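Listed below are the residues making up each chain.
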Amino acid sequence: MKAVFVRRTSALLLRQFYLLRGSPARIVPLFAWVAIDIVLWGFITRYLNAVSAARFNFVPAMLGAVLLWDFMARVMQGITTAFLEDVWSRNFLNLFASPMSVTEYLSGLVLSSIATSLVGLVVMVALATLVFGLSFFVYGAMLAAFLLVLFLFGISLGIFGSALVLRFGPAAEWFIWPIPAFISPLACVFYPLATLPHWMQWLARLIPASYVFEGMRGVLAHRAIAATPLAIGSILAALYLLLMARAFTGVYRHAVRTGLIARYSAETVS
Amino acid sequence: MQEMTENANASILSVTELRKRYGETVAVDGVSFAVGMHEILGLLGPNGAGKTTTINMILGVLEPTSGKIIIDGCDLARRRRQALERTNFAAVYAPLPGNLTVGQNLRVFGLLYGVKRLNERIDGVLNEYDLVRFRDTKCGVLSSGEQTRVALAKAMLNQPRLLLLDEPTASLDPATAREIRATIRDFAAKCDVGVLWTSHNMIEVAEVCHRVLFLSRGRILLEGDPRRLPAEHEHETLEDLFVTVAREPLTIRRTEEE
């Protein structure tokens, strides 16, 4: 059973590899936009360091935040683009008439996302370190926890976006791309949570990424590392992942009940 | 043909009281039939009769409102994975992704279907469907006839026990269509497989199918040997009978009433 699971999920990963290998148009976006972001924010942080009081270093606070945020967005887009490949190539009927389960399908999307988001992460880390002198040692061991929470949350958002498209049709693709921008004010990427109005702080506490960026600023300010907030962020991220996987399964079942899966090809054409 | 009739008792597909309702609209209304081993069963009917809805339910991509589908002893509702491992299909409306090559598509679907000795099997279907020269060609740039052959190659990859073919020769030239028909007849005769075939080409149906079902408004109107049915219903050809079923279904005595 385990071998079957590995074979089916690796089939989706292999499909993604084939698509990337033969298409520069797919490879370049894996790192181009995040690289531009790092360059842009690299220079902004240098400028801020130059004009502000010398005691605060903006590079790890802002450039590091941009890097972590872009990593989460790349993870999300890794899921959604792998899913959209099936929408664009009208492949649902072939895929879902095969013995593959929804869990195997989602796992295949996650594997694809790990592979593609790693490319972006490596490029971002290389640029931020080599060009702008960002040292990841300043975050210490907490960096692994930050990346894990953002990875889980990015996967949740990707599955949520895919469920939207499966439910509302190919045109709903345009709902997916602004998702990170939509939640970024509540994720407190660049400012402390306390900056937000009281009612927004409550909403921000529902966003796992806000715990990461609060924790990151805490580490940089040499405050004692509070494990509880980050644990809450991790639990929230894991909970959202389970909820979104359930939501996708529910949408899939609805699509099978109503005939949407079978009709999806025709609607994509139209 | 005699051997086929005897083996047909060993049912590969059994459909019982299958029904699909969309709100007030009944697309398939209590259809029951079986496909035996080595049998090619033709599912005929005008557009909107319920053929594709029936096929989609057998493929597990459309949930029936009620009824039961058993594929090679596996209840599709309870043992979906096992049932679909024994099934495959080709349909004009489900081409393989055009952005992958023929070889890449066959490899990906071979893994999804759990095909053993995949390299060997891919070589086999590429040879069988005259696709060797297209192994590294993207499916999207192939002609519709070549794409149909790729879809058939994918449908044969896992050597299914149940093969569903929805108008498999619709976009093929007559010579290729004849070859494909011969290949599938040969496949059905030699392997332990049952084939459900839809087509609007009545000459093809008479040539290929051992038995046909005429669907009209979601119900089975007629069933029988495509070579004898026209005479039994006072028509000259299967096509004449098809036209009557499509235009005046009430003038046909239903199979269940006989």
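Residues numbered from 1 in each chain as written. Chains lettered and ligands numbered in written order. Predicted model: local features only at pLDDT ≥ 70, side-chain atom pairs only at ≥ 80, totals over all residues.

Asks: How should I be thinking about the sheet that holds strand β7 (residues 162–166) of chain B in this particular structure?
Replies: Backbone-to-backbone hydrogen bonds join strands into a sheet, with any given pair of strands oriented parallel or antiparallel. Residue and element names in this part refer to chain B. Read across the open sheet, the 6 strands follow the order β6-β7-β8-β3-β9-β10; overall the sheet is mixed. Either end of the sheet is taken by a strand with one partner, and the two such strands are β6 (87–91) and β10 (219–224). Averaged over all neighbouring strand pairs, the angle between strand axes comes to 20 degrees, with direction disregarded. Pairing of strand β3 (residues 40–44) with strand β9 (residues 211–216), which is carried by 4 bridges, proceeds in the parallel orientation. Bridge pairing in β9 links Gly-42 to Val-212. Together, β6 and β7 form the strand contacts of helix α6 (residues 144–156), whose direction differs from that of β6 by roughly 175 degrees. (Pairing = 2+ DSSP bridges. Helix = DSSP H or I, 4+ residues; strand = E, 2+ residues; numbered from the N terminus. Axes fitted to C-alpha atoms, helices over the stretch in contact; angles between N-to-C directions. Contact = placed C-beta atoms within 7 Å.)

Asks: Hey, could you run me through the pairing of strand β1 (residues 11–22) of chain B in this one?
Replies: For a regular strand, the rule is simple: side chains alternate between the two faces of the sheet. Residue and element names in this part refer to chain B. Of the strand pairs in this sheet, β1 and strand β2 (residues 25–36) are connected by 9 bridges, and their pairing is antiparallel. Counterpart to Tyr-22 in the pairing with β2 is Thr-25. Where β1 hands over to β2, the hairpin turn is made up of 2 residues, of which Gly-23 adopts a positive phi near 60 degrees. Strand direction decides the pairing type here: β1 and strand β4 (residues 66–71), joined by 5 bridges, are antiparallel. Residue Ser-14 lies in a different strand from β4, and its bridge partner there is Ile-70.

Asks: How should I be thinking about the packing of helix α1 (residues 2–21) of chain A against helix α5 (residues 102–130) of chain A in this particular structure?
Replies: A pair of packed helices can be characterised by two numbers: the angle between their axes and the separation between those axes. Residue and element names in this part refer to chain A. The geometry of α1 relative to α5 is characterised by a closest axis approach of 8 Å and an angle of 45 degrees between their N-to-C directions. When the interaxial angle is binned, α1 and α5 end up oblique. The interaxial crossing formed by α1 with α5 has right-handed handedness. Between α1 and α5, the residues in contact are Phe-5, Arg-8, Thr-9, Ala-11, Leu-12, Leu-13 and Gln-16 and Glu-104, Ser-107, Gly-108, Leu-109, Leu-111, Ser-112 and Ala-115, respectively. Residues belonging to the contact of α1 with α5 are distributed by class as follows: 7 nonpolar, 5 polar and 2 charged. (Parallel < 35°, antiparallel > 145°, perpendicular 65-115°, else oblique. Left-handed = near helix turned anticlockwise from the far one by under 90°. Nonpolar A, V, L, I, M, F, W, Y, C, P; charged D, E, K, R; others polar.)

Asks: Any chance you could explain the interface of chain B and chain A here in plain terms?
Replies: It is common to give the size of an interface as the accessible area lost on bringing the parts into contact. Counting residues at the interface gives 25 residues for chain B, matched by 25 residues for chain A. Put simply, the parts of the chain that give the side of chain B that touches chain A at least two residues each are α3 (80–85) and α4 (102–112) of chain B. Ranked by residues supplied to the side of chain B that touches chain A, first place goes to α4 of chain B with 6 residues.

Asks: What exactly am I supposed to notice about the domain arrangement of chain B here?
Replies: All names here are of chain B. Along its sequence, chain B is carved into domain 1 (2–86 + 162–257) and domain 2 (93–159). Computed over C-alpha atoms, the centres of domain 1 and domain 2 are 25 Å apart. Taken together, the contacts link 10 residues of domain 1 with 9 residues of domain 2. Among the elements that take part in the side of domain 1 that touches domain 2, helix α7 (residues 174–190) stands out by supplying 3 residues, more than any other. The residue inventory of the side of domain 1 that touches domain 2, partitioned by class, reads 5 nonpolar, 3 polar and 2 charged. (Domains from an automatic or database assignment.)

Asks: How do you make sense of the confidence of the model for chain B when you look at a structure like this?
Replies: It should be kept in mind that the predicted coordinates are not to be read in detail where pLDDT is low. Residue and element names in this part refer to chain B. The pLDDT averaged across chain B works out to 90; a share of 92% of its residues lies at or above 70. Long-range and interchain partners of residues 1–8, a stretch whose pLDDT sits below 50, account for 10 contacts in this model, where long-range means more than four residues apart. Reported confidences for the modelled complex are a pTM of 0.90 and an ipTM of 0.89. (pLDDT = per-residue confidence, 0-100.)

Asks: Sorry, what's going on with the sheet that holds β4 of chain B here?
Replies: On the basis of which strands lie adjacent, the open sheet formed by 4 strands has the order β2-β1-β4-β5 (chain B) and antiparallel pairing. What marks the edges here is a single partner per strand, and that holds for β2 and β5 (74–75) of chain B.

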